[in-house]
Amino acid sequence: MTSPAKCAIVPDIAIPPGELLAEEIEARGMSQRELAALMGRPPQVISEIVRGRKAITPRTAIEIERALGTPASVWVGLEAQYRLALARQDVA
């Protein structure tokens, strides 16, 4: 019998969740500055997340949830998947 780990499909690329956040902002016709204002955070924070230079922390995920309505668990999950993909690349 094959173990579940051997059957799992593992992507070979790491997509920063900030890219998806940028797409979501654009789809809503918002600017990064507007999202930052809704979240009560400096615009630089959103810019750094979008550029992949800053991680989406659980606190930030909750703020995004409140601003956009997308569950915080989605953002935390995307960040975890991204970090795991980066770690796999480092180990490979």
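Draft legend 1. Structural context of the pattern of salt bridges. Here the structure, examined in full by the defined rule, presents 4 salt bridges. We note a salt bridge from E63 to R59, for which the minimum N-O separation is 3.1 Å. Taken as a pair, E63 and R59 lie in helix α5 (residues 58-68) at a separation of 4 residues, close to a single helical turn. Of the residues examined, E63 reaches a relative accessible area of 11% and is grouped as buried. R83 serves as the salt-bridge partner of E79, at 2.6 Å between the closest nitrogen and oxygen. Placement of the pair is E79 and R83 together in helix α6 (residues 72-91), with a separation of 4 residues, close to one helical turn. Three or more residues joined by partner-sharing salt bridges are found here, namely R41, R59 and E63.

Draft legend 2. Molecular detail of the packing of helix α3 (residues 32-39) against helix α4 (residues 43-50). One can describe the packing of α3 onto α4 by two numbers: an axis separation of 8 Å at closest approach and a directional angle of 120°. In terms of orientation, α3 and α4 fall into the oblique class. The crossing of α3 and α4 is right-handed. Judged by residue contacts, Q32, R33, L35, A36 and M39 of α3 engage P43, I46, S47 and V50 from α4. Broken down by class, the residue content of the contact of α3 with α4 amounts to 6 nonpolar, 2 polar and 1 charged.

Definitions and limits used
- Residues numbered from 1 in each chain as written.
- Predicted model: local features only at pLDDT ≥ 70, side-chain atom pairs only at ≥ 80, totals over all residues.
- Heavy atoms only, no water.
- Salt bridge = Lys/Arg side-chain N within 4 Å of Asp/Glu carboxyl O.
- Helix = DSSP H or I, 4+ residues; strand = E, 2+ residues; numbered from the N terminus.
- Buried < 20%, exposed > 50% of the residue type's maximum accessible area, 1.4 Å probe, protein only.
- Axes fitted to C-alpha atoms, helices over the stretch in contact; angles between N-to-C directions.
- Parallel < 35°, antiparallel > 145°, perpendicular 65-115°, else oblique.
- Left-handed = near helix turned anticlockwise from the far one by under 90°.
- Contact = heavy atoms within 4.5 Å.
- Nonpolar A, V, L, I, M, F, W, Y, C, P; charged D, E, K, R; others polar.

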